[in-house]
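# Reading the structure
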Amino acid sequence: MNVTSTAPAGVEAAALPQVNFGRAMLALGVGGFAIGTGEFVIMGLLPEVASDIGVSIPTAGHVISAYALGVVIGAPVLAVLAAGWHRRALLIALMAVFAAGNFASALAPGYLSLNLLRFATGLPHGTYFGVAALVAAALAPPNRRARAVGLVMLGLTGATLVGVPIAAWLGQLFGWRAAFVFVGVIALAAVVLLRRDIPDIAPAAGASPWRELGALKRKQVWFTLGIGAIGFGGMFSVFSYIKPTLTEVAGLPLGGVPFVLALFGLGMVMGNVVGARLADKSLMRTIFGLLVYSALVLTLFTFAAQHVVTAAINVFLIGTIVAIGPALQIRLMDVAGDAQTLAAALNHSAFNTANALGAWLGGVAITAGLGWASTGWVGALLAVAGLGVFGWSIASARAEARRMPATACAG
């Protein structure tokens, strides 16, 4: 489908050239697929990594934290530094760095070098998704922006269903290093597709690092990031401990765990598609509704975890919580004004903060003796806290709107 699109205000400065929308979304999605596969595959290969580099499995788990730290730091730093770059050139550069990081990770000789390389590989993650979301929204009609962003995120969620199992299989067959080579090859393919199918979109007029930093002065940007960092943490609270919960509480045989994890991935894919469509129809109602939905689904997990069938169904539903992702991404674009790149990239810093917060609080509950299934209560409380931030955001916006007429009259 060929479309000629004019970007929404504040995203790009000029009318965009005619492009093949489907091919452009595929190119952006393949990049997301590579990043999603590279981020999650290591979780299933920790025993192999630990054995090869001579550390314990918990110590090997530090490479996961190193990557997440790279995402959190890289998203704002690279978004600010690259504010004046053309979008296609920036996307290609980010994906090339990601590819190089994965190839280098496959050659890491030991624990320290692997951690440093995983940190470096995580640096492009948030900025890539932020810029890809901006490009997707700019290429789409105004009433389909969230669905376009959802197509980009579909690469990330689809990776949990397809890319991660394939990479894990390669890692089991040829060693964990082969999994990173596989991810690097996908990233190189994304570079080729991005070069071929993404138009050469110039940055907005006057784009600069200082203007991007202006996003940090906007309260609604911080509110939206807070909703993601807190309200989305519930999903990670449960999923971080899903394997022992399924085997110890529900009584699921170890061989059945991959099947349930596949249901989680399927839930993520479906949630991403449905959430994007809902966000296009009513953005703020979608964010509110999905936070309420998250609280209910996570509360239900505490009871559903007692039986295999109900646990499996509930894990699928927990996967659908990712539906809030496209909505929060569009909300950030709407409130960031002319600081689009930084705000869009920070969305993924917020999600990785949610990952760390949810996993930590879930671990606190388990360590306190509340049981594996208590992570459902932790997740529900985080969703409710996210609702509190959402309500605070609405109240603040209304108060600001009331002050504006008064200021105008005074002037």
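Our subject in this report is the structure included herewith. Source: prediction; values computed, not measured. (Residues numbered from 1 in each chain as written. Predicted model: local features only at pLDDT ≥ 70, side-chain atom pairs only at ≥ 80, totals over all residues. Heavy atoms only, no water.)

### A closer look at the overall build of the protein chain
Scanning the protein chain from N- to C-terminus turns up 18 helices and 2 strands. Its C-alpha radius of gyration of 21 Å places the protein chain within 12% of the 22 Å reference for a compact globule of 411 residues. For the protein chain, the C-alpha atoms occupy an extent of roughly 65 × 45 × 40 Å along the three principal directions. Relative to its full complement of 411 residues, the protein chain shows a buried share of 56%. (Helix = DSSP H or I, 4+ residues; strand = E, 2+ residues; numbered from the N terminus. Rg over C-alpha atoms; globule rule 2.2 N^0.38 Å. Buried < 20%, exposed > 50% of the residue type's maximum accessible area, 1.4 Å probe, protein only.)

### Overview of helix α8 (residues 176-197)
Taking 1.5 Å as the rise per residue, α8 with 22 residues should run 32 Å; its terminal C-alpha atoms sit 32 Å apart, in good agreement. Taken together, the buried positions of α8 are Trp176, Ala179, Phe180, Val183, Gly184, Ile186, Ala187, Ala190, Val191, Leu193, Leu194 and Asp197. Residues of α8 that are buried in the fold lie against α1 (21-40), α2 (46-53), α5 (87-106), α6 (111-139) and α7 (145-174). (Expected span 1.5 Å × (residues − 1). Contact = heavy atoms within 4.5 Å.)

### Notes on the nonpolar core
Membership of the largest hydrophobic core comes to 92 residues, with the highest contact counts inside it found for Leu28, Met95, Tyr128, Leu194, Phe232, Ile287 and Ile318. Non-local contacts of Tyr128, meaning those with residues more than four positions away in its chain, are made with Ala27, Leu28, Gly31, Gly32, Ile35, Leu91, Leu94, Met95 and Leu194. Counting residues in each nonpolar core, the second largest holds 17 residues, with Ile53, Ala167, Trp176 and Ala179 among its members. (Core = buried A, V, L, I, M, F, W, Y, C linked by side-chain atoms within 4.5 Å.)

### Observations concerning helix α15 (residues 308-319)
For α15, with 12 residues, the first-to-last C-alpha span of 17 Å sits near the 16 Å given by 1.5 Å per residue. Those residues of α15 not exposed but buried are Ala311, Ala312, Asn314, Val315, Ile318 and Gly319. Within α15, the buried residues cover an arc of 165° as seen down the axis, which keeps them to one side. Against α11 (233-239), α12 (242-248), α13 (257-281) and α14 (283-304) lie the buried residues of α15. (Arc of directions from axis to C-beta.)

### Things to note about the packing of aromatic side chains
Aromatic ring pairs: the centre-centre distance and the angle between the two ring planes describe each pair. Applying the stated rule across the entire model yields 8 aromatic pairs. Between Phe232 and Phe236, the ring centres sit 5.5 Å apart and the planes meet at 85°, which makes this aromatic pair edge-to-face. The same class applies to Phe232 and to Phe236, which are both buried. Look at Phe288 and Phe390: their rings are 6.0 Å apart centre to centre, the planes differ by 35°, and that puts the pair in the tilted class. Here Phe288 is found in helix α14, whereas its partner Phe390 is found in helix α18 (residues 375-410), with 102 residues between them in sequence. (Phe/Tyr/Trp six-rings, centres within 6.5 Å; stacked < 30°, edge-to-face > 60°.)

### What about the pattern of salt bridges?
Working definition: two side chains of opposite charge can pair if their charged atoms are close together. Per the counting criterion, the structure on display carries 5 salt bridges. The residue Asp334 makes a salt bridge to Arg145 at a minimum N-O spacing of 3.0 Å. Of this pair, Asp334 sits in helix α16 (residues 324-335) while Arg145 sits in helix α7, placing them 189 residues apart in sequence. With its nearest N and O atoms 2.9 Å apart, the salt bridge here joins Arg147 to Asp280. In this pair, Arg147 sits in helix α7 while Asp280 sits in helix α13, placing the two residues 133 residues apart along the sequence. Bridged by salt links that share partners, the residues Arg23, Arg196 and Asp197 form one connected network. (Salt bridge = Lys/Arg side-chain N within 4 Å of Asp/Glu carboxyl O.)

### So, the environment of Asn347
Within the fold, Asn347 resides in helix α17 (residues 340-367). Residue Asn347 is classed as buried on the basis of its relative accessible area of 2%. For the pair Asn347 and Met25, spaced 322 residues apart in the sequence, the C-alpha separation amounts to 20 Å. Residues within four places of Asn347 in sequence aside, it is in contact with Leu225, Gly325, Leu328, Gln329 and Leu332.

### A look at the side chain of Arg331
Examined against the element boundaries, Arg331 turns out to sit in helix α16. This buried residue, Arg331, is left without a salt bridge; Asp334 holds the nearest opposite charge, at 5.6 Å. Within polar-contact distance, the side chain of Arg331 engages the side chain of Gln220 at 3.1 Å. Not counting chain neighbours up to four residues away, the residues in contact with Arg331 comprise Gln220, Thr224, Leu283, Met284, Ile287 and Ser393. (Lys, Arg positive; Asp, Glu negative; His and termini not counted. Polar contact = N/O pair within 3.5 Å; in protein donor to acceptor, adjacent residues only side chain to side chain.)

### So, the environment of Thr224
Locating Thr224 in the fold gives a position in helix α10 (residues 219-231). The class of Thr224 is buried, set by a relative accessible area of 2%. Taking the C-alpha atoms as reference, Thr224 lies 8.4 Å from Asn347; in sequence the two are 123 residues apart. Beyond its immediate sequence surroundings of up to four residues, Thr224 is in contact with Leu328, Arg331, Leu332 and Val335.

### Some remarks on the side chain of Asn102
When you line up the elements, Asn102 lands in helix α5. We classify Asn102 as buried; its relative accessible area is 0%. Within polar-contact distance, the side chain of Asn102 engages the backbone oxygen of Phe98 at 2.9 Å. When near neighbours in sequence (up to four residues on either side) are disregarded, Asn102 contacts Arg118, Thr121, Phe180, Val183 and Gly184.

### Overview of a nonpolar patch on the surface
Nonpolar side chains collect at one region of the surface, where Leu69, Val72, Ile73, Val77 and Leu81 lie side by side and expose about 410 Å² of accessible area between them. By secondary structure assignment, the location of Ile73 is in helix α4 (residues 62-81). (Patch = residues over 30% accessible without salt bridge, like charges linked within 9 Å, V, L, I, M, F, W, Y side chains within 5 Å. Areas by Shrake-Rupley, 256 points an atom, 1.4 Å probe, with all protein chains shown as cover.)

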